[in-house]
Amino acid sequence: MTVGKWNFTIDRGGTFTDIVALSPDGRISTRKLLSENPGRYDGAVPAGIREVGVKFGAGELFLPELVMAAETMRAGVAVLEPHVPKGSDTRVTHKVVLATVQDDIHEIGKNLVATMLTASGFDVIDMGVNQPSEAILKKAREEKAEIIGVSALMTTSMPRMKELITVAQTQGVRSKEKVVVGGAPVTEQYAKEIGSDGTAGDASGAVRLAQKLVGAKP
């Protein structure tokens, strides 16, 4: 993966995974940089994925590059997290629960949204695929999430989105969380018809929507 003059690769040699930056001056290990100055570089990986997201939205990069960047970020976060001092981040964190609805096992789009939201400072709880409405709502209550995001790739599973909103209304909790929907067959008209709080056409748009819903600055 290339950002500016830097090429980033995943090195799985030895007993750990490391992110290696190939600078013009040679090979620099993220793990080595962190050992010398922990906490200094924890913003670099999110900044990189945000740049990728912007270029994807502008049509300069395509889905394979976005997926590769997301995988690189996840590997990078795994390396970075143990070295970041606990309690060093005093920013307000907004929680988002993500899931693919019941009867659907597709998750590439959801995973990209999760990565982009995480890079933008959201605390993301990803429940995975084939999740019942009741389980999603329960998790949102447990985590005190501000946003629930559900996705579907098949038209046959799209009604589960409306089901989740109906169940939330029945339980009297609809006003407590914003519900956003997404997936290839989901349109703005459909999102409005089922009573959701919005949808987005790509991962970058999902971040902007989430920021708008919680009043966070881009």
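Residues numbered from 1 in each chain as written. Predicted model: local features only at pLDDT ≥ 70, side-chain atom pairs only at ≥ 80, totals over all residues. Heavy atoms only, no water.

With respect to the nonpolar core
Residues Val-97, Ile-136, Ile-148, Val-150, Met-161, Leu-164 and Val-181 are the most contacted members of the largest nonpolar core, which totals 25 residues. For this core, the secondary structure elements donating two or more residues are strand 5 (95-100), helix 5 (133-143), strand 7 (147-151), helix 6 (159-170), strand 8 (178-182) and helix 7 (188-193). Of all the elements, helix 6 adds the most residues to this core, at 5 residues. For Val-150, the contacting residues outside a window of four places in its chain are Ala-99, Val-101, Ile-136, Met-161, Leu-164, Val-180, Val-181 and Gly-182. Residues Leu-98, Val-113, Phe-122 and Ala-206 belong to the second largest nonpolar core, which totals 23 residues. (Core = buried A, V, L, I, M, F, W, Y, C linked by side-chain atoms within 4.5 Å. Buried < 20%, exposed > 50% of the residue type's maximum accessible area, 1.4 Å probe, protein only. Helix = DSSP H or I, 4+ residues; strand = E, 2+ residues; numbered from the N terminus. Contact = heavy atoms within 4.5 Å.)

A closer look at the pairing of strand 8
Counting buried positions along strand 8 gives 4 out of 5 residues, so the element sits mostly inside the fold. In this structure, strand 7 lies alongside strand 8, joined through 5 bridges in parallel fashion. Residue Ile-147 lies in a different strand from strand 8, and its bridge partner there is Lys-178. Regarding topology, helix 6 serves as the crossover connection from strand 7 to the parallel strand 8, and that connection is right-handed. (Pairing = 2+ DSSP bridges. Right-handed = clockwise from strand over helix to strand, strands pointing away.)

Concerning the pairing of strand 5
Most of strand 5 is tucked away: 5 of the 6 residues are buried. Handedness of the β-α-β unit built from strand 5, helix 4 (residues 108-119) and strand 6 (residues 123-126) comes out right-handed. Relative to strand 7, strand 5 runs parallel, the two being bridged by 5 bridges. If you follow Leu-98 over to strand 7, its bridge partner there is Gly-149.

Considerations on the pattern of salt bridges
The final tally for this structure, using the stated rule, is 7 salt bridges. We note a salt bridge from Lys-95 to Glu-143, for which the minimum N-O separation is 3.1 Å. Of the two residues, Lys-95 sits in strand 5 while Glu-143 sits in helix 5, which places them 48 residues apart along the sequence. Two residues, Glu-107 and Lys-110, come together in a salt bridge whose shortest N-O distance is 3.4 Å. Within this structure, Asp-103, Arg-160 and Glu-163 form a network of salt bridges that share partners. (Salt bridge = Lys/Arg side-chain N within 4 Å of Asp/Glu carboxyl O.)

Some details on the packing of helix 5 against helix 6
For the pair helix 5 and helix 6, interaxial distance at closest approach is 9 Å and the crossing angle is 55°. As the angle between them shows, helix 5 and helix 6 are arranged oblique. Every pair of crossing elements has a handedness; the one defined by helix 5 and helix 6 is right-handed. Residues Ser-133, Glu-134, Ile-136 and Leu-137 of helix 5 pack against Arg-160, Glu-163, Leu-164, Val-167 and Ala-168 of helix 6. Taken together, the residues of the contact of helix 5 with helix 6 break down into 5 nonpolar, 1 polar and 3 charged. (Axes fitted to C-alpha atoms, helices over the stretch in contact; angles between N-to-C directions. Parallel < 35°, antiparallel > 145°, perpendicular 65-115°, else oblique. Left-handed = near helix turned anticlockwise from the far one by under 90°. Nonpolar A, V, L, I, M, F, W, Y, C, P; charged D, E, K, R; others polar.)

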